[in-house]
Amino acid sequence: MTHNSTNETLLEVNDLSVFFHMREGEDFFAIRNLSLSIARGESLGVVGESGSGKSLTSAAIMGLLPANAEVSGSIRFLGQELIGAKESDLRELRGKRLAVIAQDALTALNPVHTVGKQIAEAISVHDNNLSKSELRSRAVDLLDLVGISQPETRVDNFPHEFSGGMRQRALIAMSVANEPDLIIADEPTTALDVTVQAQILDVLNRIQDRTSSSLLLITHDLGVIAGFADRVAVMYSGDVIEEGGVDSVFYETAHPYTRGLLGSLPRLDARNRSEPLYRIPGFQPSPAQRPEGCSFHPRCSIAVAGKCDTEIPIVHRAGPEHVARCHLVKDQEAN
Amino acid sequence: MAEVTAVAKLPSNGRSKFLQRFIRHRLALLGGLTLLFLFIACFGAPIFAPFPKNQQDLLLGPVPPSFEHLLGTDDLGRDYLTEILYAGQVSLLLALSVALVSTAIGVLVGVLAGYKGGWVDNLFMRITDLFLVVPAIALLALALQGLGRSPFSIVLVLSLIGWTYIARVVRGQVLSLREREFIEAARVIGANDRQIIWKHVLPNLGGVIAVNVALAVASAIIIESTLSFLGFGVQPPQTSWGNMLSQASGLIGTSKVYLLYFPGLFILIAVLAVNFVGDGLRDALDPRSGSGSMQGRKRK
């Protein structure tokens, strides 16, 4: 599922850490030395449990972290460093080059404005030379693009007159209004049922083909990643622990956590129905109380005492364009 | 797909929907019409009043309501309906100005405090508390003593006292609005603080603001009347409903007590009407209520 992806790096995140200052309790790292990169036109899936730092990563890229967060490392987008950039420069990027499709379509639309007006706002914030009728017709076109029928009528509806799937489409329309270079879709389908989910993914796919934008797809649905992304990054406790092409991560899984995730998927072809679903024992640690060494070792069935519980693993190469942060992965020659 | 069939061919014009909802609210409509009637009658007094302003008929003296003088006459033989209509100009204008000015101040303070948070919030809210703890009537009396009792200074002083309530309500609303996801979404599309406040925060406060303006008109009429009654408000020869009450205050138990009733009745009607309008506005300005909702559509 490679869209017209090139080798040009669009976004490069290096050694990103997000540190929270708490008024009560201990300060902690919510994201620790995270690195990611996305090429132009590429789709990168990010998976992980709730609380693994997926959404925080997207907030860090947008420069919209909470006030008590301290961020370090580097985020380069189109060659521009985003960490420490001026707020006005970031505002210029947001919505124009960098777009986010919000997690919850039910609340991300303002109830007092019509959908059309909100889509128009996404355009006029960056270009206020357009007339009202031009903006309106752009909004109609965008609603049509995301597959809303009778867009000329629908453009004047309020969000509460839209169904859940339609609101999500409207949000997609808002986010792609300025043909951004990178779309961050933060669990765009979690609130929707499966058929609508497929339609939404289809819309995203079409838009990506049309505009050759890159996509950072945040989800906890491995199925969505398998069908949609070119590469996948698996996050655990604020860190990317495995990253690579979808096929090689899914079929030549290197990290025991990823193996556990894949193993815990329910399977239709499982013969023995009475056998309980596999689950990874234990829980993801709270970022305030990460264990020593590899943060996954207390739950890992193959952890090596004296190594995994003391040393933080470095990134090992598990294959061409496939890396994992695990002591037990043997480095492969890149060929 | 349900979403395809749900397209209804209804006028989607926001303004006409607002009117529909407002009209459906019977009491609000009644209040609105009453208020409109009062305004036309008072400000059209030169045309509608049965007698010219201040026309005295000393030989007639005070007479109870009759066909010639619907609300009777006062001690100087002036037609009381005419007097009340002219006094209404002052009362209504003062009340409206006070409501608008105090709401504007309150919304400004509330939005800034709620949206900015931190020390701005603390500073503004402590100032608000300061205004709240001072006994209003005493402060008003003192301030008006110092500033003179022109209508302008009355508006100024009443507004400076009246903004605290709306400021607190607005701040509370903004605190919760600020965390709503559509504000974050606006930030994500690159909107700056000014755009977010104008396009996303203020429109969501529309109901609160409208209701507050209405309630503030009502309370301003009452406070102005109170002050005038106590002698600190509008000064004779200028008249307002309040100082008409005050001038008639000694008449309880006499045959001229109607001079006390009628200004009081007008105050009562105006305040009630304004309150009903406020209620109707609140319901009509919420796009999710009334005929704007899906249930409303099905009923049609």
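Quick summary incoming for the structure in this document. Remember, it's a predicted structure, so these values are computed and weren't measured experimentally.

## Overview of the nonpolar core
Generally speaking, a soluble globular protein has its nonpolar side chains buried in company with each other.
Item 1. Ranked by size, the top nonpolar core spans 61 residues in total, and within it Ile119, Leu142, Ile172 and Ile207 of chain A together with Val111, Val201 and Leu205 of chain B carry the most contacts.
Item 2. Not counting the four nearest positions on each side in its chain, Leu142 of chain A is found in contact with Ile119, Ile123, Ala173, Val176 and Ala177 of chain A.
Item 3. With 54 residues, the next largest nonpolar core counts Ala95, Ala218, Leu245 and Leu260 of chain B among its residues.

## Quick look at the state of the cysteines
All names here are of chain A.
Item 1. All chains considered together, the criterion is met by 0 disulfides over all chains.
Item 2. Not part of a disulfide, Cys300 finds its nearest cysteine sulfur in Cys308, a span of 6.2 Å.
Item 3. The structure places no disulfide on Cys326, whose sulfur is separated from the nearest cysteine sulfur, that of Cys308, by 6.2 Å.

## Points about the packing of helix H7 (residues 136–147) of chain B against helix H10 (residues 193–230) of chain B
Residue and element names in this part refer to chain B.
Item 1. Running from N to C, H7 and H10 point in directions that differ by 60 degrees, and their axes come no closer than 11 Å. It follows that H7 is oblique to H10 by the angle criterion. The handedness of the crossing between H7 and H10 comes out as right-handed. Contacts from Ile137, Leu140 and Leu144 of H7 reach H10 at Ile223, Thr226, Leu227 and Leu230.
Item 2. Across the contact of H7 with H10, the residue classes break down as 6 nonpolar, 1 polar and no charged.

## Points about the sheet that holds strand S11 (residues 316–319) of chain A
Pairing between the strands of a sheet comes from backbone hydrogen bonds, and it takes one of two forms, parallel or antiparallel.
Residue and element names in this part refer to chain A.
Item 1. With mixed pairing, 8 strands are arranged side by side in an open sheet as S6-S7-S8-S3-S9-S10-S12-S11. In this open sheet, the two strands that pair with only one neighbour each are strand S6 (98–101) and S11. The sheet shows a mean angle of 20 degrees between the axes of neighbouring strands, taken without regard to direction.
Item 2. Across 5 bridges, strand S3 (residues 43–48) lies against strand S9 (residues 231–236) in parallel orientation. When the bridges of S9 are listed, Val47 appears paired with Val234.

## Remarks on unusual backbone geometry
All names here are of chain A.
Item 1. Phi at Glu179 takes a positive value of approximately 45 degrees, unusual for a residue other than glycine.
Item 2. Structurally, Glu179 can be placed in the loop between helix H6 (164–175) and strand S7 (182–186).
Item 3. Taking the relative accessible area as the measure of exposure, Glu179 reaches 47% and is therefore partly exposed.
Item 4. The backbone of Glu187 sits at a positive phi, close to 45 degrees, despite the residue not being glycine.
Item 5. Judged by relative accessible area, which is 7%, Glu187 ranks as buried.

## Details of a positive patch on the surface
Item 1. On the surface, Lys117 and Lys132 of chain A together with Arg194 and Lys199 of chain B cluster together to form a positively charged patch.
Item 2. With respect to the secondary-structure elements, Lys117 of chain A resides in helix H3 (residues 115–124).

## Observations regarding the sheet that holds strand S4 (residues 69–77) of chain A
All names here are of chain A.
Item 1. The 4 strands are arranged S2-S1-S4-S5 in an open sheet whose pairing can be described as antiparallel. Both outer strands of the open sheet, strand S2 (28–39) and strand S5 (80–81), are each paired with one neighbouring strand and no more.
Item 2. With 2 bridges joining them, S4 and S5 adopt antiparallel strand pairing. Looking across to S5, one finds that Arg76 is bridged to Glu81.

What counts and how
- Residues numbered from 1 in each chain as written.
- Chains lettered and ligands numbered in written order.
- Predicted model: local features only at pLDDT ≥ 70, side-chain atom pairs only at ≥ 80, totals over all residues.
- Heavy atoms only, no water.
- Core = buried A, V, L, I, M, F, W, Y, C linked by side-chain atoms within 4.5 Å.
- Buried < 20%, exposed > 50% of the residue type's maximum accessible area, 1.4 Å probe, protein only.
- Contact = heavy atoms within 4.5 Å.
- Disulfide = S-S within 2.5 Å.
- Axes fitted to C-alpha atoms, helices over the stretch in contact; angles between N-to-C directions.
- Helix = DSSP H or I, 4+ residues; strand = E, 2+ residues; numbered from the N terminus.
- Parallel < 35°, antiparallel > 145°, perpendicular 65-115°, else oblique.
- Left-handed = near helix turned anticlockwise from the far one by under 90°.
- Nonpolar A, V, L, I, M, F, W, Y, C, P; charged D, E, K, R; others polar.
- Pairing = 2+ DSSP bridges.
- Patch = residues over 30% accessible without salt bridge, like charges linked within 9 Å, V, L, I, M, F, W, Y side chains within 5 Å.
- Areas by Shrake-Rupley, 256 points an atom, 1.4 Å probe, with all protein chains shown as cover.
- Salt bridge = Lys/Arg side-chain N within 4 Å of Asp/Glu carboxyl O.
- Lys, Arg positive; Asp, Glu negative; His and termini not counted.
- Charge placed at Lys NZ, Arg CZ, Asp CG, Glu CD.

Structural measurements only, silent on function.
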